[in-house]
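Here are the chains, one letter per residue:
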Amino acid sequence: MLTAHSKKTSFLTCSMMTLTVCLSAQSVTHRIPEPKVALSSWQAARNCSQLGSARYPLDSVVWLSDSLRVRDRFHTMVGLWTRPDTITLDVDYVEDSLTVEHELLHYLLQSKPDEPKHPVKYFVYMCHLIQLPIGG
Ligand SMILES: [Zn+2]
């Protein structure tokens, strides 16, 4: 959801900073091991949503960490699912079980670009995973 916008923001931010600062700010994304809370968050997300398939198992998720809040212009984004299997967590939210569960629900839903990103049925009524400040 924030991809196009983030790129634009990053570009504008970079153009206003020195090249060195810009490069260091762009290079903090890195792979991380599966969070310790992932398994319990996975079970919770599958239970509440009644979703799950062999095609999208927990061990296929690519976990990344980044300073999401710094990049987000509202400084509120702490997790981001990128179709189909990548979850990026803010550096301070890697072990936040609700953030991880929220992003895993995105992974289970596999919403298409033209579908609602946060279907109320799942995120509100079934799983209670809509809460500020998760933005992505
Ligand atoms: Zn979300």
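If you're wondering where the values come from, they're calculated on a predicted model, not measured in any experiment.

### What to know about the confidence of the model for the chain
When pLDDT is averaged along the chain, the result is 83, and 76% of the positions lie at 70 or above. Low pLDDT (under 50) marks residues 1-23, which in the prediction has nine contacts with non-local residues, meaning those over four places away or in another chain.

### Let's talk about the environment of Ser67
By secondary structure assignment, the location of Ser67 is in the loop between strand E2 (62-66) and helix H4 (68-71). If near-sequence neighbours (up to four positions away) are discounted, Ser67 is found in contact with Val28, Asp90 and Val91.

### Digging into the environment of Pro33
Within the secondary structure layout, Pro33 lies in the loop between strand E1 (30-31) and helix H3 (38-49). For Pro33, a count of 8 C-beta atoms within 10 Å puts it in the exposed group. When the C-alpha atoms of Pro33 and Trp63 are compared, they prove to be 6.7 Å apart, with 30 residues separating the residues in sequence.

### Quick word on the sheet that holds strand E4 (residues 86-90)
Strand order in the open sheet formed by four strands is E1-E2-E4-E3, and the pairing between neighbours is mixed. Edge positions in the sheet fall to E1 and strand E3 (79-82), since each has one partner strand and no second. In this sheet, E2 lies alongside E1 in antiparallel orientation, the contact comprising two bridges. Bridging across to E2, His30 finds its partner in Ser65. Each of E3 and E4 touches helix H5 (residues 97-109); the most contacted strand, E3, lies at about 15° to it.

Conventions we followed
Residues numbered from 1 in each chain as written. Predicted model: local features only at pLDDT ≥ 70, side-chain atom pairs only at ≥ 80, totals over all residues. pLDDT = per-residue confidence, 0-100. Contact = placed C-beta atoms within 7 Å. Helix = DSSP H or I, 4+ residues; strand = E, 2+ residues; numbered from the N terminus. Buried ≥ 20, exposed ≤ 12 C-beta atoms within 10 Å, placed from the backbone. Pairing = 2+ DSSP bridges. Axes fitted to C-alpha atoms, helices over the stretch in contact; angles between N-to-C directions.

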